[in-house]
Amino acid sequence: MDDNQTHDQQRSTPTATSFGLARQSQIFLDGLKGVRPTLPVDPAALEQAAQEAMTPEARGYLGGMPGTMRANLDAFADWNIVPRMLRGVQTRDLGTTLFGRRLPAPVLLAPVGVQSIVHPDGERAVARAAAGLGLPMVFSTASSFSLEETAAGMSDAPRWFQLYWSKSAAFNASVVSRAEAAGCGAIVVTLDTFMLAWRPQDLQNAYLPFMRGLGLANYFSDPAFRAELQGPPEQDPQAAVRHFLGLFNNPALTWKDLSWLRERTRLPILLKGILHPDDARRALDCGIDGLVVSNHGGRQVEGAVPALGALPAVVEAVKGRVPVLLDSGVRRASDVIKARALGAQAVLLGRPYLWGLALGGEAGVAEVLGNLLADLDLTLGLSGYSSFDELDASSLVRAGR
Ligand code: FNR
């Protein structure tokens, strides 16, 4: 082991050169003492362990449409990285800049609702783990803890807010201004869930967390939402749940409505759920600042195009004018590299951090994220690159060619 490596191990932060080597060495050194990693390192094994740990209801809720979920994973397997040799990659920088803020890696935590169904600390545990690594967490509108409670444990670490655009303009305006006050750096409007899909697993379990008052903390704590009720949610939770259910579905939403939000916030606005290049162009016409190519982790339209498959056409339509992000099916470092090479500025990680949460709370999330960053550092270097900016379509070939 050379001097540089020893030095890097002493400061094994995610931004340090050789973060990956340091984490890898630590795991092998721990092995000499008979200590093994707390969580499965392999994503499929991690998923399996989490499935066994969760209640049937939570397992169903984390699930999705089998065809779309499979297609999301297969789309990554459709591309191969072509590693390049002898390129002097001893100093590697995983960082990326989004909306003027430097991030340690092109990875964010996707907005995921109702996290208390997998662990009682839910979003608060995830927020602390994300903040510890400096990776942005995107708060869901439909969270178990209010955005203020979640932000409270993050100091000035980056966080964004995801908006489910409800029928109540007063609530939408109020929750966006609360997100601004809580230090969120962007608003992500999720377009693909203006109604919940026909989800066989949840239907079979006859289980919707919201009906049980779960995942509604941002609503129940909101002054505008509360003003629309006859009495406070603490006194009549069922009436508050009914009011939420009446507001959530919003199939009437159109492109024209976006100007309302544009006028209400100076934060960057991203649209999540874009899969067609014409929708990407339309978003830019509306003054949108960024896109998230996503099919909601395969939880909405069965048979939908995989997110990675949709990415190149969206990137081509956007022509570098705004950042394009991607989620749905990201499981390991090579997926991040493939998404970056095909034009995504960053990816959002969904289920893998929930599996960590289910198995180990805050420490479990930190372990999953740390492993991903270590894998990223090593796989980027082994592919012949010192930074993500060096990647482009020529870094990949179609599988089997
Ligand atoms: C989600 N997702 C989601 N998206 C969103 O905009 N608001 C939300 O509240 C939720 N809630 C949610 C719950 C659960 C249980 C899952 C699994 C997903 C979608 C999420 O942001 C993201 O698009 C996907 O999770 C990404 O796919 P992978 O990484 O899970 O495959």
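Residues numbered from 1 in each chain as written. Predicted model: local features only at pLDDT ≥ 70, side-chain atom pairs only at ≥ 80, totals over all residues. Heavy atoms only, no water.

(A) Looking closely at the packing of aromatic side chains. The full count for this structure, using the stated rule, is 11 aromatic pairs. Ring centres of Y164 and F248 lie 5.1 Å apart, and the angle between their planes is 70 degrees; on these two criteria the pair is classed as edge-to-face. With Y164 in the loop between β6 (159-163) and α8 (169-181) and F248 in helix α12 (residues 237-248), the pair connects residues that are 84 residues apart, well separated along the chain. Across this residue pair, the class does not change: Y164 and F248 are buried. Ring geometry for W165 versus W260: centroids 5.6 Å apart, planes at 55 degrees, classification tilted. Separated by 95 residues along the polypeptide, W165 in the loop between β6 and α8 and W260 in helix α13 (residues 258-264) bring together distant segments of the chain. (Phe/Tyr/Trp six-rings, centres within 6.5 Å; stacked < 30°, edge-to-face > 60°. Helix = DSSP H or I, 4+ residues; strand = E, 2+ residues; numbered from the N terminus. Buried < 20%, exposed > 50% of the residue type's maximum accessible area, 1.4 Å probe, protein only.)

(B) Structural detail: the pattern of salt bridges. Tallied over the full model, the rule gives 13 salt bridges. In this structure, R178 and D222 form a salt bridge, with 2.9 Å as the shortest nitrogen-oxygen distance. A residue pair is termed long-range when its members are at least 10 positions apart, and R178 in helix α8 and D222 in the loop between α10 (217-220) and α11 (223-227) qualify at 44 residues. Using a relative accessible area of 10% as the deciding quantity, one classes R178 as buried. For the salt bridge of K319 with E316, the shortest nitrogen-to-oxygen distance reads 3.2 Å. Residue K319 is classed as exposed on the basis of its relative accessible area of 58%. When its relative accessible area of 52% is taken as the criterion, E316 is described as exposed. (Salt bridge = Lys/Arg side-chain N within 4 Å of Asp/Glu carboxyl O.)

(C) Inspection of unusual backbone geometry at higher detail. Of note in the backbone geometry, L86 takes a positive phi value of approximately 55 degrees without being a glycine. Even without a glycine there, the phi angle at A206 is positive, about 45 degrees. Along the polypeptide, A206 turns up in the loop between α9 (200-204) and α10.

(D) Structural view of the nonpolar core. In this structure, L326 and L376 are the most contacted members of the largest nonpolar core, which totals 107 residues. If you tally residues by element for this core, the top one is helix α17 (residues 351-382), at 13 residues. Once residues lying within four places of it in the same chain are set aside, the contact partners of L326 are F76, V293, A307, L308, L311, A339, A344, A346, V347 and L348. Counting 13 residues, the second-largest nonpolar core is a separate cluster that includes L108, A186, V188 and L325. (Core = buried A, V, L, I, M, F, W, Y, C linked by side-chain atoms within 4.5 Å. Contact = heavy atoms within 4.5 Å.)

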